[in-house]
Amino acid sequence: SLDVKEFPLVSILVPAFNEERTIEGTMQSVFDIDYPKDKLDVILIDDGSSDNTLSKMKEFISEKKANHYRIISHTNMGKASSMNVALKQALGEYFACLDADSFVDPKSLRKMLALYEEENDPHLAIITPAMKVDSPKGILQKIQWFEYLVMIFVGRLTSHLDSLYVAPGPFSLYRLDIIKKLGGFAKDTLTEDQEIAYRMQKGQYRIKQCFDAYVYTVAPDKLPEFYRQRRRWYIGSMQCAYKYKDMIADKKYGDFGILQMVKNVLGYGLALSGILFAMYFFVWPLWQKFMRGWTIGFDIWPYFSELKFIITPVFMDVQRSSVLIILFAVSGFFFWQAHKNGNEKIHPKYYLSIIPYFAFYYLLKGGILLLSMIEFARVKKIKW
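Residues numbered from 1 in each chain as written. Predicted model: local features only at pLDDT ≥ 70, side-chain atom pairs only at ≥ 80, totals over all residues. Heavy atoms only, no water.

Visitor: So what about helix α5 (residues 139-160)? Which residues, and what values?
Guide: Structurally, the α-helix is built with 3.6 residues per turn, so residues lying three or four positions apart point the same way. Here α5 is 22 residues long and its end C-alpha atoms lie 32 Å apart, about the 32 Å a rise of 1.5 Å per residue gives. α5 sits mainly inside the fold: 16 of its 22 residues count as buried. (Helix = DSSP H or I, 4+ residues; strand = E, 2+ residues; numbered from the N terminus. Expected span 1.5 Å × (residues − 1). Buried < 20%, exposed > 50% of the residue type's maximum accessible area, 1.4 Å probe, protein only.)

Visitor: Lay out the packing of helix α7 (residues 192-202) against helix α8 (residues 223-243) with the relevant residues and their values.
Guide: For the pair α7 and α8, the least separation of the axes is 9 Å and the interaxial angle reads 20 degrees. Looking at the two axes, α7 sits roughly parallel to α8. The hand of the α7/α8 crossing is right-handed. Between α7 and α8, the residues in contact are Q194, E195 and Y198 and S237, C240, A241 and K243, respectively. (Axes fitted to C-alpha atoms, helices over the stretch in contact; angles between N-to-C directions. Parallel < 35°, antiparallel > 145°, perpendicular 65-115°, else oblique. Left-handed = near helix turned anticlockwise from the far one by under 90°. Contact = heavy atoms within 4.5 Å.)

Visitor: Mind laying out the packing of helix α1 (residues 23-31) against helix α2 (residues 53-64), listing which residues take part and the relevant values?
Guide: Axis separation between α1 and α2 bottoms out at 10 Å; the angle between their running directions is 35 degrees. Regarding α1 and α2, the two cross each other, and that crossing is right-handed. Of the residues in α2, those in contact with I23, E24, M27, Q28 and F31 of α1 are K56, M57, F60 and K64. Its residues assigned to classes, the contact of α1 with α2 shows five nonpolar, one polar and three charged. (Nonpolar A, V, L, I, M, F, W, Y, C, P; charged D, E, K, R; others polar.)

Visitor: Could you give an account of the pairing of strand β3 (residues 69-74), with specific residues and numbers?
Guide: By the bridge criterion, six bridges tie strand β2 (residues 40-47) to β3 in an arrangement that is parallel. Within β3, the position partnered with I45 by the bridge is I72. Note on the crossover from β2 through α2 to β3: the handedness is right-handed. (Pairing = 2+ DSSP bridges. Right-handed = clockwise from strand over helix to strand, strands pointing away.)

Visitor: Just give me the short version of a nonpolar patch on the surface, but keep the residues and values in it.
Guide: A cluster of nonpolar side chains, W284, W287, F290, M291 and W294, forms an exposed patch at the surface whose accessible area comes to about 570 Å². Tracing the sequence through the fold places F290 in helix α9 (residues 254-295). Taking relative accessible area as the criterion, F290 reaches 37% and is therefore assigned partly exposed. (Patch = residues over 30% accessible without salt bridge, like charges linked within 9 Å, V, L, I, M, F, W, Y side chains within 5 Å. Areas by Shrake-Rupley, 256 points an atom, 1.4 Å probe, with all protein chains shown as cover. Salt bridge = Lys/Arg side-chain N within 4 Å of Asp/Glu carboxyl O.)

Treat this as a map of the structure, not an account of what it does.
In structure tokens, the structure reads:
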């Protein structure tokens, strides 16, 4: 692993809106970064919180005697606007944003700056981290833990093609002069971290992933919270794709235009096709069996005696069972590679999450995507 040779001044922006539960951990993770304190410019942004977020910020600075921390507090204006206010006051050559529900590994900043040094490219505008789920507990968080490892792996592959299309809110590292040149973060989409990546790509700037610079985020553990998060992601993604539709299949933007933009747009159709496929081949047969059981008052003993209940219609059909076996085999290999890439050991208790991933998680995300597409089509304005 590379290490940084020089220590430029780095600004770290921590935007927070009603984050009293996690803000202390976030501030502590910044305080523990393995980097000279006199080379850090930490700006805590209270975006009109109505809870104890601001008081916790003040208490932390006082207790830690953190002279390299300062606070900006204003009425609620949203993350993008808050970030833009802070950017005007940032002093660093580079800056990172760290969401107030995320925690950065102490070594990550040095690794990311070392990658800037190694690339030695003034057009390298953003370096993204490898984002993992922090301390997954419930089944929903454990499934997301898997999902995030896969996203790190996919991000690494995409990074090699210079086709990254999102700079995750938790600790992406920017060149300050470039983002100021491009006008800061946009307020016209729900995913400002994705919009800025699209804008960088359109401006012929580069984005790379530092695959071993880890940052940990608190994943939703309840379905309503998960729904709100994914709805924002999906609608924001559609807004960005629509805003930059002129880049689709344009050779001028290299692999990003030819491969990534085309994949992003076709992905919606493929996702819907996948939902219909799963509904027809897997969900519908199980629903039919449930309805038959309902008709006979769930008197299932005859099924047990003839092994008809155990072997569902899915597995009685060679084609359907073959599809399932192939999906599980490919996914198992892909998840194994994702673990290896993410420097994680395979935990059997987490690996069992593959089953609910196919049983309900894929359909859950697909359902949210479908609702989001309908909402986007209606051009309904959503506030984050």
